[in-house]
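# Examination of the molecular architecture
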Amino acid sequence: MEQDLVVVTGASGYVGSHIVANLLSKGMNVRATVRDLEDPERVAHLKAMEIAEGGSIEIVEMDLFDSESVDSAISGCTDLIHTAANVIVRARDPQRKIVDPSVIGTRNVISAIERSRSVERFVHTSSTAAIRPMEWSDGSVLNTDSWADDATLENNPYGLAKVSAERIVRDWHSSLNNDSRPRLVTIHPCMVFGPPLSPRHLRGSLAILMAMVRRNIPLNLPMQINIVDVRDVAEAHVRALRGGKDGGRYLTVSGDMMMTDIAKSLKKAHPERKWVTWEAPYWMALIASFFHPKIDVSWAKRHLKKRLYWDASPAEVDLDMEWMEPLQSILDTLPPILENGWD
C-alpha cells in the first residue's frame, strides 16, 4: 500500500522546518516547498535532516503567487500543512508585504486542493493574531471563540492577514459537501521560541531575543511575552492531521514571561556575555515608541504593561499536548545561535 504524502508549504521557515523534522522522525514521506532552491539558508538545513526508516523528503520550489507552482507542489498529496506566510508585523507597504502573501497565497492553495482531488487532511497555520482583538482588558483570557475582526491595514496588518486567510479557508471548507471536503484544523501559535535551524529563523518571534543577544536595545520594554516552543508547535500540527476535531481551532501557548525576566534568565545561563537587564519605565517606553521604526504609540498603549492570557486547554485535551516550560524554550533557543556564530 502506497504511503501517504505530506506537503509542507513554507518548509524553510522556523515552524515549517520543525514540522518537516517531526514528520521525518516519524518515517513520513514529505514534500517540502521552498521559495528558492538555490538559497542555502532555505535548503541546507532541510537536506541535512535525518530520515527515519520508511520516510523520505523531496524539496521543491513553490511561489505562493504562482498558481501553477502551487498546483504542482500540492498535486498528489494526501496531507497538507500550510505554513507559508510572511511573519512581518510592520512594513512600508503592508498590503503587498504582509496581507497579500497570506490572502492570495491561501486562495491559490485552496484552488490547488480542489484541482488535486487527493488532499484528505488540511492543517492551516494561523496565529493568536487571528484571535486577539485590537482592544482587550488587562488580565483577559482569550479562547478560540474570539476573532480579530477589528484588525485594520493601518493599525494591525499582521492580524488582518491572519484573520483574512483563516476566514477564506473556513468559508471555503464550510461550502463543500461533507463527502468531498478534506478534514480541516487550524493551529494558532503565540510567540514561538526554541532552537533555530537556519539563520533565516532569527526573524519573526526570535527578533526580540536577538535584540537582547546583540544588545540593540538600551532598556527592556515593560512587556509580557506569551511563549510556546517551536517543537511543540510542530508536534501540534502533526497530531492535528488525524487528531482533534474537524474544523477545530487550537491555540498553542505554554505560558508567558516578562521581557526583563527573559533577559535576567539569559544572563544567568550565559554570564560570560553582557546583557541589558533593566526595564524601561512605562512613560519612557511610550516616548520611545514615537521614534521607533517598527512600533508606534497605539501598539505601545495596547501591549505595554498589560497582561493577556490564552486558553490552550482544548489542544491539551483533543491533541493530548503537553507544553515545554517557557523558560526552557528560551534557554534552548540560544545554543544554536552561539554555536553557529549567528549572533
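Note: the structure precedes this text.
Note that this is a predicted model, so its numbers are computed, not measured.

What follows concerns helix 8 (residues 259-269). Within helix 8, the full set of buried residues consists of Met259, Thr260, Ile262, Ala263, Ser265 and Leu266. Packing partners of the buried residues in helix 8 comprise helix 6 (206-213), strand 9 (224-229), strand 11 (255-258) and helix 12 (326-339).

With that settled, consider unusual backbone geometry. The phi torsion at Arg117 lies on the positive side, around 60°, for a residue other than glycine. Counting through the fold element by element, Arg117 comes out in the loop between helix 4 (94-116) and strand 5 (121-125). Even without being a glycine, Lys305 presents a positive backbone phi close to 75°. Residue placement: Lys305 occurs in the loop between helix 10 (297-303) and strand 12 (308-310). Taking relative accessible area as the criterion, Lys305 reaches 55% and is therefore assigned exposed.

Three or four residues apart is the spacing at which side chains of an α-helix point the same way, because the helix has 3.6 residues per turn. An ideal rise of 1.5 Å per residue puts 27 Å on 19 residues; helix 5 (residues 157-175) measures up with 27 Å between its terminal C-alpha atoms. Of all 19 residues that make up helix 5, 14 are buried, and the element is covered over most of its length.

Right, let's talk about the pattern of salt bridges for a bit. Once the charged atoms of two side chains with opposite charge are near each other, the side chains can pair. Taken as a whole, this structure holds 18 salt bridges when the rule is applied. Ionic pairing is found between Arg115 and Asp71, a salt bridge with its closest N-O pair at 2.8 Å. In this pair, Arg115 sits in helix 4 while Asp71 sits in helix 3 (residues 67-74), placing the two residues 44 residues apart along the sequence. Residue Asp79 pairs with Arg242 through a salt bridge whose shortest N-O separation is 3.9 Å. In this pair, Asp79 is assigned in strand 4 (residues 79-82) and Arg242 in the loop between helix 7 (230-240) and strand 10 (248-252), connecting sequence segments 163 residues apart. Given the relative accessible area of 0%, Asp79 is considered buried. Ionic contacts of the salt-bridge type, sharing partners, join the residues Asp4, Asp79, Glu120, Arg121 and Arg242 into one network.

Considering all chains together, one arrives at one aromatic pair under this definition. Aromatic side chains Phe122 and Trp172 sit 6.3 Å apart centroid to centroid with 70° between the ring planes, which places their arrangement in the edge-to-face category. Within this pair, whereas Phe122 is found in strand 5, its partner Trp172 is found in helix 5, the two being separated by 50 residues in sequence. No difference in accessibility class separates Phe122 from Trp172, as the two residues are buried. Lys305 extends its terminal NZ or CZ atom over the ring of Tyr282, reaching a point 4.9 Å from the ring centre. Taking NZ or CZ as reference, Lys306 lies 4.7 Å from the ring centre of Trp136, over its face.

Here we come to the environment of Val34. Summarising the element assignment, Val34 is placed in strand 2 (residues 29-34). By relative accessible area, which is 2% here, Val34 ends up buried. Each C-alpha atom of the pair Val34 and Gly13 lies 8.6 Å from the other, and the pair is 21 residues apart in sequence. Other than its neighbours up to four places away in sequence, Val34 contacts Ser12, Arg42, Val43, Leu46, Ile59, Val60, Glu61 and Met62.

For Lys306, the location among the structural elements is in the loop between helix 10 and strand 12. An unpaired buried charge is present at Lys306: no salt bridge exists, and Glu135, the closest side chain of opposite charge, is 4.8 Å distant. In terms of polar contacts, Lys306 uses its side chain to reach the backbone carbonyl oxygen of Trp136, at 2.7 Å. Aside from chain neighbours lying at most four places away, what touches Lys306 is Trp136, Asp138, Gln224 and Lys301.

Moving on: the packing of helix 8 against helix 12. As a packed pair, helix 8 and helix 12 sit with axes 10 Å apart at the nearest point and diverge in direction by 55°. Taken together, the axis directions place helix 8 and helix 12 in an arrangement best described as oblique. Helix 12 is crossed by helix 8, and the crossing has right-handed handedness. Across the interface between the two elements, Ile262, Ser265, Leu266 and Ala269 from helix 8 touch Leu327, Ile330, Leu331 and Leu334 from helix 12. Class assignment of the residues belonging to the contact of helix 8 with helix 12 gives a composition of seven nonpolar, one polar and no charged.

Another point: the pairing of strand 7 (residues 183-189). For strand 7, the tally of buried residues reaches seven of seven residues, placing the bulk of the element in the interior. What you see with strand 7 is no split at all: Arg183, Val185, Ile187 and Pro189 on one side and Leu184, Thr186 and His188 on the other are buried throughout. Pairing of strand 5 with strand 7 involves five bridges; the strand directions are parallel. Following the sheet pairing, Phe122 is matched in strand 7 by Leu184. As judged from the five bridges shared by strand 7 and strand 10, these two strands associate in the parallel manner. Bridging across to strand 10, Thr186 finds its partner in Arg249.

What counts and what doesn't
Residues numbered from 1 in each chain as written. Predicted model: local features only at pLDDT ≥ 70, side-chain atom pairs only at ≥ 80, totals over all residues. Heavy atoms only, no water. Buried < 20%, exposed > 50% of the residue type's maximum accessible area, 1.4 Å probe, protein only. Helix = DSSP H or I, 4+ residues; strand = E, 2+ residues; numbered from the N terminus. Contact = heavy atoms within 4.5 Å. Expected span 1.5 Å × (residues − 1). Salt bridge = Lys/Arg side-chain N within 4 Å of Asp/Glu carboxyl O. Phe/Tyr/Trp six-rings, centres within 6.5 Å; stacked < 30°, edge-to-face > 60°. Lys NZ or Arg CZ within 6 Å of the ring centre and 35° of its normal. Lys, Arg positive; Asp, Glu negative; His and termini not counted. Polar contact = N/O pair within 3.5 Å; in protein donor to acceptor, adjacent residues only side chain to side chain. Axes fitted to C-alpha atoms, helices over the stretch in contact; angles between N-to-C directions. Parallel < 35°, antiparallel > 145°, perpendicular 65-115°, else oblique. Left-handed = near helix turned anticlockwise from the far one by under 90°. Nonpolar A, V, L, I, M, F, W, Y, C, P; charged D, E, K, R; others polar. Pairing = 2+ DSSP bridges.

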